[in-house]
Structures are given as structure tokens and as C-alpha cells.
Amino acid sequence: MADLNLTLKIWRQDGPTEPGGFKTYDISDLNTHMSFLEMLDVLNENLVNSGDEPVAFDHDCREGICGMCSMVINGRPHGPLEGTTTCQLHMRHFNDGDTVTIEPWRAKPFPVLKDLIVDRTPFDRIIQAGGFVSVNTGSAPDGNAIPIGKDISDDAFDAAACIGCGACVAACKNASANLFTAAKISQLALLPQGQTERVERVIGMVKQMDEEGFGHCTNTGACEAECPKEISVDYIRKMNWEFHSANVKG
Amino acid sequence: MNSYFSSTLFRKTLAALSGLFLVIFLIGHLIGNLQLILLSGEAAQKQFNEYALFMTTNPAVKILSIVTYTSIILHILLTIILVLQSKQARPIGYAVEGGGENSAWASRNMALLGSLLLVFIILHMKSFWYEMHWGAIGNDPSGNKDLYTVTVVAFQNIWYTAFYVFSMIILGFHLSHGIGSGFQTIGLKTRKYLEPIEKTAILFSILIPSAFASIPIILYLQSL
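Residues numbered from 1 in each chain as written. Chains lettered and ligands numbered in written order. Predicted model: local features only at pLDDT ≥ 70, side-chain atom pairs only at ≥ 80, totals over all residues.

Q: For this particular structure, what's the right way to read the pairing of strand S1 (residues 3-12) of chain A?
A: Side-chain direction in a regular strand flips from residue to residue, so the side chains alternate between the two faces of the sheet. Residue and element names in this part refer to chain A. One ladder, built from 9 bridges, connects S1 with strand S2 (residues 21-31); its direction is antiparallel. Paired with Arg 12 across the two strands is Gly 21, which belongs to S2. As defined by bridge partners, S1 adjoins strand S5 (residues 99-103) across 4 bridges and the pair is classed as parallel. Within the sheet, the bridge partner assigned to Thr 7 lies in S5 and is Thr 99. (Pairing = 2+ DSSP bridges. Helix = DSSP H or I, 4+ residues; strand = E, 2+ residues; numbered from the N terminus.)

Written out as C-alpha cells, the structure is:
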């Protein structure tokens, strides 16, 4: 367990309308078993002790399932590891003396609220535009009352693994939200429960996605490469089909 | 329905379809060009000029050429709109760009590659297409417009030949992303066909530009 010394270049911005800029911090004697967020906790403790404003960053579960810990580390959303959120990235993946640049997600629909925190409500509005799913209310349904093939349920589950973190948008050179929207659409379109509102759902969600001002998809594949849940771009292909057939059928 | 036609997904599908049509056009164009080198001397001149006459007068070819011009214009306009839209989606860029680690270079630079190809297409059409239709070019012994000599003379120039070969390298990079991306967008690159489509796309992106480039190289070497 070697100690680690780093130079951090962190984007600091007081508010959505304030100008921002990078500030450099030296941090020393880090435990390499710390997570990246714990390293930021240490930095913030130092900042508070010296009377400075701590760095604002989003975090919640710290176990890789909530999707809150959004930050671009050395140009990579959630850092250099594949299939990993920032909270699951540990300091042993950095070398002593490294300079680490930390930036917020960069997309017009995701304005910076403060430092590394961005407003991701456009994702909520895309979900809302999908409307409701018709289900019988009352007592809990019996398990396996609706037969679904293993391959289909696996496929739907893989899409449902999306935690809505926004790394796809952050990674995409066009700031496109196609992977997020496609995962949410596919998850329901694949299952029998999602059939009733299938047409309105895809039309509504794609319309909302465009209205939020996200860019278009050019199939670079960066979103899949950076997605902490490794969602496949195949769902974008599925969404294209889904969208065209919904519009043609009317 | 209105929001359908103005949606990013509809526009990118049209961009993909027009792009994929242009790939088919390239194959046809290449087969035509090969007549420049498969025969030699007067036989090549006669064959190529007859072919050029056929390509500018046959009604079926005329319809196809209109589809081709439309595809080129549509592909350019749609991609310009989409690029401008996407530029607005990220007004502040990253201080550290990580694109090199998550995507292919060509996939991130399609607009640059496409713009270079547009410059090539304009100069290329001025040299041959314009000359064939409206230029004052001579006739061959059979009385047909002598596009063959125009072509052979053009590629006696090392710089013109080098520009053509360079443009074919650009085309190769554009196709290396474009073909697979087109199939993904129109929905045919399913998981089952992912690998064969990607391999064929890469093979095409190497073979088509290499075959195109080989023709001016051979014509230049023959002129030495």
C-alpha cells in the first residue's frame, strides 16, 4: 500500500450563470485503496480545514448502481476503467505524481449547477415523455404468469441496466442522448407489458430527446465504450427501427 | 408526422441511405473506370469513349445519375444540418479529450473527411464530367468525344495523380466508418450480422479506394 501524491486540476464554478475555470490542488499521502470519491472527500476536508469552499460533486450510493457520481476524469466519463462508475474507481489505478483533470459532463442540456454537478433533469423529462405502462393494479401478480423467453428477458434486462448517469452524453462527441433513450425504449418494447403504449412511447421519447437539444448519433460507439453498465449500441439500432415503424404505422 | 421528418433519427436515416446508395454508385463507377487499363492503346480509347457516350445518353443511366446527384446533395445538406445541431449541443468542450480511447479516428472526423471528399468531387467533376458534357474536347477516330485522351493526359501530371490517390485514401477512411454506420442506422447491423457486416465494410473501404487509385497510378506510369 504505497502512498500516492497527485496534482488535481478541477473545474470550479460557483453557479449556472457564473463563469468557471480550472483550479489546481496538490494532494499527498493518499491511500491507494481509496475510491476516487473518497479521494475527493479527503481533498474537501483539507479545503474546509483551510477555510476554502469544498468541491461540489454528485454522489449517492457509492456502490456503482445509482449513477450519480458524474465527472469526466482525464477525458473519460467515470475515469479510465471500463464498465465502472467513479465511485468504484480506486486510486490504485493512478500513478504517483500524476496530474488528474476533473471536469463536469459537457452538454448544453446538462448545465453546470456548481463545480462538477450538472442538472440531468432532461433525462427525467425524456422518461416522462414515454408516458405510463398499463398494468393491472391490486394484488401482486403471480410470478411467470406472462411467459417471456429467456433470450428476450435477458435482452430487456441488459437495456434496463441503464442507471441514467449520462456518461453516454458526456462521452459522445455530439453530446447525443441516443444510448440512454434507446435503452429506456428497448427495455419496455421488448416485453409484453410494454406493448400497449409502444407506439406513443417511442415517438414521445425521441421527440423529447430532440427538444432537449442533445446532438445526433454518428455511431462512433464512444457511448458503449464509456457506459458503466456496458449498454450495447444495438439498442440504438433497435430504437431506429422502433421509431420508423411507429411513425409509419401511425 | 411533422416531427417525424424533422427528427434527428429521420434525418440521419436519410443521410445513411443516401450514403449507402453512393457506395453502390462507387462500385459501378469503378467498373467503368477499369476499362481505362484493362485494354490498351486504341482499343481502350474506343471502348472507353463508347462507354462514356453510353453513360451520358442512355435514359436509364440518366435516371440513375439524377438519383446519384440527389444523393450527394442530400448527404451533404443533411450531414451539415446534423453537424451544426450537434455543435450546439456542446458549447463548452473538454480540456482533456478522451475520444482516442473510446472510438475510431475516422468515426470522429467524418465531417472533415467528407469536406475533403467534396473538394475532390468538385475538381473531379470539373475535369471529366464537365468536359464530357460541355467542354471543347476532340473526337476519337470513331467520331466519339475523346474523354479517354482527356483522362490519360490528366494523369500524366504527377500532382494531379497524387491528389487523386490522396483523395482515395480519404475515401477509404470515410468508408471505413460510413458503411458500417449506415447499416447500423438503417437497422440491418443486428447482433447476428454485426461481424460479417463490419468485416465486409472494412474490406470494401480498402478494396474500392485501392482499385480506384490503381488506375491513375498505372496511367501515370504508362506515360513515363
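Q: Help me out: how do you make sense of the pairing of S5(A) in this one?
A: In this structure, strand S3 (residues 72-73) of chain A lies alongside S5(A), joined through 2 bridges in antiparallel fashion. Across the sheet, Val72(A) pairs through a bridge with Glu103(A), a residue of S5(A).

Q: Where do I start with the sheet that holds S1(A) in this structure?
A: Strand-to-strand pairing in sheets goes through backbone hydrogen bonds, with the strands running parallel or antiparallel. Across the sheet, which stays open at both edges, the 5 strands sit in the order S2-S1-S5-S3-S4 (chain A) with mixed pairing between neighbours. A single partner strand is all that each edge strand has here, and the edge strands are S2 and strand S4 (76-77) of chain A.

Q: How should I be thinking about the interface of chain A and chain B in this particular structure?
A: Interface extent is often summarised as the accessible area lost during association of the parts. Taken together, the 36 residues of chain A in the interface contact 35 residues of chain B. Counting only elements with at least two residues in the side of chain A that touches chain B, the list comes to S5, helix H6 (198-211), helix H7 (222-226) and helix H8 (234-249) of chain A. Ranked by the residues each element gives to the side of chain A that touches chain B, the list is headed by H8(A), at 7 residues. Residues of the side of chain A that touches chain B, tallied by class, amount to 12 nonpolar, 14 polar and 10 charged. (Contact = placed C-beta atoms within 7 Å. Nonpolar A, V, L, I, M, F, W, Y, C, P; charged D, E, K, R; others polar.)

Q: Would you mind showing me how to read the environment of Val100(A) here?
A: Residues and elements named next belong to chain A. Relative to the assigned elements, Val 100 resides in strand S5. Exposure remark for Val 100: the 19 C-beta atoms within 10 Å place this residue in the partly exposed category. The sequence separation of Val 100 and His 244 amounts to 144 residues, and the corresponding C-alpha distance is 43 Å. Not counting residues within four places of it along the chain, the set of residues in contact with Val 100 comprises Leu 6, Leu 8, Ile 73, Asn 74 and Phe 94. (Buried ≥ 20, exposed ≤ 12 C-beta atoms within 10 Å, placed from the backbone.)

Q: Whenever I open this one, helix H4 (residues 59-89) of chain B confuses me. Can you help?
A: It helps to recall that an α-helix has 3.6 residues per turn; residues three or four apart then point in one direction. Residues and elements named next belong to chain B. With 31 residues, H4 should reach 45 Å at 1.5 Å per residue; the first-to-last C-alpha distance of 45 Å fits that figure. Among all positions of H4, only Ser 71, His 75, Leu 78, Thr 79, Leu 82, Ser 86 and Ala 89 are buried. On its buried face, H4 sits against helix H2 (8-38) and helix H6 (110-134). (Expected span 1.5 Å × (residues − 1).)

Q: Before we go on, may I ask you to explain the environment of Glu226(A) in this structure?
A: Tracing the backbone through its elements, the reader meets Glu226(A) in helix H7. Residue classification places Glu226(A) among the buried residues on the basis of 28 C-beta atoms within 10 Å. C-alpha separation for the pair Glu226(A) and Ser153(A), spaced 73 residues apart in sequence, amounts to 24 Å. Not counting residues up to four positions away in its chain, the partners in contact with Glu226(A) are Arg76(A), Pro77(A), His78(A), Ala167(A), Ala171(A) and Asn102(B).

Q: Which parts of the structure should I look at to understand the packing of H6(B) against helix H7 (residues 147-154) of chain B?
A: For any two helices packed against each other, the geometry is given by the interaxial angle and the distance between the axes. All names here are of chain B. As a packed pair, H6 and H7 sit with axes 10 Å apart at the nearest point and diverge in direction by 155°. The orientation of H6 with respect to H7, classified from their angle, is roughly antiparallel. For H6 against H7, the interelement crossing comes out right-handed. The residues of H7 that touch H6, namely those facing Ser 127, Phe 128, Glu 131 and Met 132, are Leu 147, Val 150, Thr 151 and Ala 154. Looking at the contact of H6 with H7 residue by residue, the classes come out as 5 nonpolar, 2 polar and 1 charged. (Axes fitted to C-alpha atoms, helices over the stretch in contact; angles between N-to-C directions. Parallel < 35°, antiparallel > 145°, perpendicular 65-115°, else oblique. Left-handed = near helix turned anticlockwise from the far one by under 90°.)

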